[in-house]
Every structure is written in structure tokens, then in C-alpha cells.
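Okay, here's what each chain looks like letter by letter:
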Amino acid sequence: MTENASAAEPLAADSAIAVVGMSGRFPGAPDLAAYWENLLGGLCSVTDFTEAELIADGADPQEVRGRDHVPAKGHLADADRFDAELFGFNRTEAAALDPQHRLLLQTAWSALEDAGRSPLGGSARTGVYVGGGPTEHMLAAQTDPRLAASIGALQVRILTDREFLAPWVSYRLGLEGPSLTVQTACSTSLTAVHLAVQSLLLGECDTALAGGVAVDTVRKRGYVHQQGGIYSPDGRCRPFDERAGGTVPGNGVGVVVLRRLSDAIADNDPIRAVIRGSAVTNDGATKVGFTAPGVDQQTAAIVEAWAAAGLDPADAQYLEAHGTATALGDRIEAAAATAAFKGALGTGRIGIGSVKSNIGHLDAAAGVAALIKSVLMLEHATLVPNADAGRPHPELGFEDSPFHLVGRATAWPEPEHGPRRSGVSSVGIGGTNVHVVLEEAPGLGESGAPEAEAAPEVLLLSARTRESLAEVAGRLAGALRAPGAPSLADTAHTLRVGRAPLAVRGYVRAGSRAEAADLLAELASGGAAGLGGPDPLGEAWLAGELVVREGSGRRVALPTYPFAGESHGAYRLVPVAPVAPAGEQPEQGGRSADLERDVRALIAEALGLEDADDPEMTYFAAGGDSLTAVHLVGCLRDDFDLDVPITLFLEQLTLHEMARRIVTAQDGDDSLDALLSEFEAE
């Protein structure tokens, strides 16, 4: 360890950031447990599609059968599924909501639960720093006049544009810290992490969500290889390998939960790793072209990040590189990293790799996928290999560098001085370079110790549906039976303070992990909502009370919510037919039952209802809000020549009564203009 590193150690808790929660979905991995198993096995999770699969999913047959077409991608399965009701979206909104927004909302929820924090409006100020890529869904939605006519052009933009990624997370989860959508191309999600770190250190928030999402399309898609381009000719990405020929596109989503290390220790958070420093630079005009990377500022980002940590880059044992497997990109990154890690020059003792070999290039989510990989390696004290790793490319000069290409899973030995440390790099087209310094979590006591005799604990569970509650119980039973399971007391504490209270509830009362697991399995199989004997706390929970129980404990990582949403599809770029007339305009004064029926149908369409015939259904119960009201006022004026006051939609009316009132409304000529003016002013 360097002299600087030794001096920095006592200050770590004041200047470092703890990673206390993580969640992600990546090609071949619906959760982080599967992600780790794939990484550990050196598995390439890029999917090779058949011609029939691609054509059946809408690909152009002529393109698919072209000589240079490569039928491969880091495909994200079930990217169009969404638990819309859990997040308060009606069916129309859910269908219009971009799949990136849907996935990010669910992943943010899971990340907070992984941190042992309720995903709905925690007490700490929580910031959101995320970004995404361009999508087929967004382009198709924003260029479809029929959709704009159906739900309103402003609503289309808000539900599909990536600039609203962070605000939707803040709004639906009730998070009141800074909310920034970040955009730096391929380095977006690691830049988001850097900004979140700075926000925490400045005191702008006490908890931060950071990460990114990239789902350019939910469909099965290959790509066209061009000689001299960035894409691989054979559908495989081999960073720093002698067979490297380019990158492979991929889709995924990842979010980490960050807190100041001092706060995380004080609050008994589940610390998974520590960020000791980070830095961002840009190449400016010091490179050969706009899309080309540059050596000097990549080096500067690494050096500045380790300096911010009070450490020397030579204190690292591993570097998770950007590693696109392009000839220019790998060569420049190797040169930049060699210059930055010069304190270990010629030793070859620092492992190097890139997760793109496993899952492809995830664009805006690439950096957070790399960060999560590195955190998992620190947690397991294991270096995982590049998928299908071969010999390093001779032009990279690894034989005289600090690096060796990791080719197989190996134990990560404990350093002679200090904890295990790694660097994570990300580079964006346009020149934004990011580097993050990671360190293994401090030893604060181990979970899974033998349980001492103690009073029985009550485990409180909830979900949106009975089926989901059964799955929650089954997953928790499995977790309590697993090696290294948390104590029953910590489990009960985490369930009380780290889960949202949902409508369908159950509980078990048990005196040991084994007893709790058996009762949870019974609950999962359809047993009574309260098992293990009656308990006042449990019964109050079943009665719908918001149970708060005093007491301390550690927050521990437990299975997160099992989202059970259906497919809401995604819009596709297809030729658009001219907008059909909305129907004959009703004659003035013809306020008939037919008109009332047509108005109800318009409201039902805007709210995503199959019909509006339920006489008890109210506008707000059906998911109506002020923005939908703006759209409806405009449609009523344009399609039916009805001037309706916006205030009508703010009353607690059934849809039947609302339709009757709309037909007979005589005032409010300026209501739409007034509300739009107010909206623009805000």
C-alpha cells in the first residue's frame, strides 16, 4: 500500500460512499444471482437467432438474408412485461409507457428493497441519477398521429421520452431528492454513479439511486456488419483478445443504491462495497475524430479518481475496462490504463476484463453492468473471466504492462496491505470518460451466525395479489434455508422497515429460521394468512394497519418483490395510415343518449378501460389525473364541440354522471387555455 493510501484509511467513512443495494436484469440473467452464475462460468449470454425467429418478430427478410447480417444480440427476455397496477398506471398509459421506463421503475424498486429500504417514499432524501438510450418505441409513438389523437401529444412525450426517466422514478416512488436524467452516450450510467456520489458528498441527498437502462427494441434483432465498423463480424465480443473484431449490441438495466459510508454504518445498512473515489473527463478536441476515444483524458479520469480516493492506481488488483473489442478502442484504452497504472508497470499483476464479452455492449447501461459485476467479484473474492478468453492481442503490449487478461475464474487473494480494490472505467462516444474506484466492504460482522435462543419473531409480508404474496413467502423460505442466511431478528426488522405495505397481507410467527421457513412454505402453498400462533402485531398487520415497531436491527438483503406484470407490448416503426375522421360532428343542441354514450367511450379510451358501463366507477378510481383531463377537454372541444370546465374532472363523479354533466355543461369556455397556461408556467 502506498503512503497516501495509509493516510487515507482513517478518513474513509467520511469521504467514501457505500453501495448498499443493487438490482439488474441483463441478457441471460433475470436477476443478479443468475448474473453472477453466468459471470462465474465465463458464459457468453449473447443470443444467436434463427432466420425464422427474426422474421416472425418483424425483421425485414431481405436484410436478414443479406450477406453481412449477423443474427446475434445481447437480448433481454420479457422486456415488455410490466406490473402496471403496482405503479399506478392504467392500461392505456402502460401500453404507451416506454419499456425502458417500465424496466427502470421495477429495477429501482428492487434495488431499494435489496438495500432494506421501503421503495415507496422513505424518510431520507433520496436522489435519482439515471439515463437511457433511444428506443424504437419512443420514435414510433412520437411520430404516430393516431396515438397523439388518442391520448394527447404531451402525454405521449411524457410517457416515452428518455428525459423523463428520472422524474418518473422520483414521482412513482415518492423520492424527493434531486432527480436528474443523465446522457453521455455509452458512459451514461457510470457518469450517473459519479454524479450521485458527488451529490451525496455535497449533502444534496442522503440516499441516491444511480444507473441506466438500454432497450432499443423489445424485438429479436440482429445487426449488419460493416467492414471497418464497430460491430463484430461473428456476433461475439472479445475485448483485448487476439481474435477481437468488434462489439455486439445488447439490452439491460441496472440500478445501485448509494449512501455515505458513515451513514450506512450508523444505520446498519447491508454494505456490499465502497466507492472510494470517482472522476469524469472529456477528450475535447485532442482526438482524431468526434467518435474516436483519446488516451490523455482517459488516463486523467483514472488518475483523478484514485487521487480523489487518496490512493495510488497501483493499489488496484483488478480493472473492469470499457473494452469494446474494437481495434482503435481497445488499443487506446490499453495505452491510457497502462499510463495511469504505471506504478505497477511490467508486473502483470492487475487483472483486466470487460463484461461486454458476456452480455454485449449495453449502451447507456454498460457502465452500471460493469460496476455491478465488480461489486459481485469483491463480495465473492473471486475474479471472473472474459467469456471465451484467449490470448491478449499482441498490439496491446500486455507483456510489459501492469495487466493480465483474466481467462478463468480464480480466487481473489487478500492483498498484503489493505483491502481488495478495483477500478471501473466507461467511455462514451463524444469523449466523456468516467472512472470509479471500488473497495470491498469493511468487515462489520457476518450474517448467518448460529442463532441464539430468543423470543419469537413476527415476519410481516405483503403483495399486490394473493399469487404474488405466495411467491414472496416461497422466496423468503428459500432464503432462510440457504447457507449464510440472515438471523431471524434481522429478517423481521428488514421486512418491517424495508418493504412497502401493500394490500394483500400475511404473517408468520416463529422462533427460528427453520421454523419460519417451514411456515412460509405453508403460506406459499395456500395456508392461512397468519401462521405460528396468533400475534397482536400480525393481526394488526392483517387488519390493514400501518405497523411501526420500535427496535433496532440490521438491514439485510432479502429476496425482492416478484413482479408479475403482463406483456404491454411496444410500439413499432411501421407506415402510418392517414388519421381517420373521429366521426360525424354532433349537431348543435343534439345532447342525446347517443352523445352521452360516445362521451363515455372517449373517457374509457383515455383511461384504458374496456368500457365505461360500470355505474359505480369514478374518474379517479379508473386512474384519471389532471393531465388526462387536459387531453379530454381538448378532445371534447375538437370532436364534439363541447366546452367543458376542467374543474369537472376534479370532482368525485362516476363516469356516468360525468358524461351527463359534460353533455349539459354550458360554461368553462376558457378552461383548457387557462390550465395549459398554468401547466406551461409551472
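Everything numeric here is computed off the predicted structure, so don't read it as measured data. (Residues numbered from 1 in each chain as written. Predicted model: local features only at pLDDT ≥ 70, side-chain atom pairs only at ≥ 80, totals over all residues. Heavy atoms only, no water.)

## Quick look at the pattern of salt bridges
Side-chain pairs of opposite charge can arise whenever the charged atoms involved come near each other. Enumeration according to the criterion identifies 40 salt bridges in this entry. Residue R259 is joined to D267 by a salt bridge in which the shortest nitrogen-to-oxygen separation is 2.9 Å. Judged by relative accessible area, which is 4%, R259 ranks as buried. Connected through shared salt-bridge partners, R117, R259, D267, D269 and R555 make up one network. (Salt bridge = Lys/Arg side-chain N within 4 Å of Asp/Glu carboxyl O. Buried < 20%, exposed > 50% of the residue type's maximum accessible area, 1.4 Å probe, protein only.)

## As for helix α18 (residues 466–481)
The terminal C-alpha atoms of α18, which comprises 16 residues, lie 23 Å apart, in line with the 22 Å expected from a rise of 1.5 Å per residue. All of the buried residues in α18 are S468, L469, V472, A473, L476, A477 and L480. Check the buried side of α18 and you find it contacts β19 (457–463), α19 (488–497), β20 (504–510) and α20 (513–524). (Helix = DSSP H or I, 4+ residues; strand = E, 2+ residues; numbered from the N terminus. Expected span 1.5 Å × (residues − 1). Contact = heavy atoms within 4.5 Å.)

## A few points about the pairing of β20
Of all 7 residues making up β20, 6 are buried, and the element is well covered by its neighbours. Summarising the sheet, β19 and β20 pair through 7 bridges and their orientation is antiparallel. Each residue of the ladder has a partner; that of L460, found in β20, is Y507. Alignment of β20 against strand β21 (residues 530–531), held across 2 bridges, turns out to be parallel. Considered in β21, the bridge of Y507 is made with G530. For the handedness criterion, the β-α-β arrangement of β20, α20 and β21 is classed as left-handed. (Pairing = 2+ DSSP bridges. Right-handed = clockwise from strand over helix to strand, strands pointing away.)

## A few points about empty space enclosed by the protein
Evaluated as defined, the whole model comprises 3 cavities of 30 Å³ or more. Volume-wise, the largest cavity comes out at about 60 Å³. If you go around the largest cavity, the residues you meet are Q298, A301, I302, L319, E333, A337, S425, S426, V427, N433 and V434. Listed by contribution, the elements that provide at least two residues to the lining of the largest cavity are α14 (295–308), α15 (327–340), β17 (421–427) and β18 (432–440). Looking at side-chain class alone, the lining of the largest cavity contains 6 nonpolar, 4 polar and 1 charged residues. Put simply, the second largest cavity is a space of about 50 Å³. As for the second largest cavity, its lining consists of T92, E93, I151, Q155, L159, A606, T628 and H631. Sorting the residues of the lining of the second largest cavity by element identifies α6 (91–96), α10 (153–160) and α23 (626–640) as the ones contributing at least two each. Partitioning the lining of the second largest cavity into residue classes produces 3 nonpolar, 4 polar and 1 charged. (1 Å grid on protein atoms, 1.4 Å probe; cavity = no way out; pocket = protein on both sides within 12 Å on 5 of 7 lines; lining within 4 Å. Points joined across faces, edges and corners; volume = space filled by probe spheres on them. Nonpolar A, V, L, I, M, F, W, Y, C, P; charged D, E, K, R; others polar.)

## Points about the pairing of strand β6 (residues 126–132)
β6 sits mainly inside the fold: 7 of its 7 residues count as buried. The alternating pattern of β6 places T126, V128, V130 and G132 on one face and G127, Y129 and G131 on the opposite face, and all of these are buried. By the bridge criterion, 7 bridges tie β6 to strand β8 (residues 207–214) in an arrangement that is parallel. Each bridged residue has a counterpart across the sheet, and for T126 the counterpart in β8 is T207. One ladder, built from 3 bridges, connects β6 with strand β7 (residues 179–181); its direction is parallel. Paired with V130 across the two strands is T181, which belongs to β7.

## Description of unusual backbone geometry
Notably, D363 is not glycine yet its phi reads approximately 55°, a positive angle. Along the chain, D363 falls in the loop between α16 (356–359) and α17 (366–380). One non-glycine residue, D388, lies in positive phi territory at about 55°. Relative to the helices and strands, D388 resides in the loop between β14 (382–383) and β15 (403–405). The class of D388 is partly exposed, set by a relative accessible area of 47%.

Remember, this is a structural readout, not a statement about activity or role.
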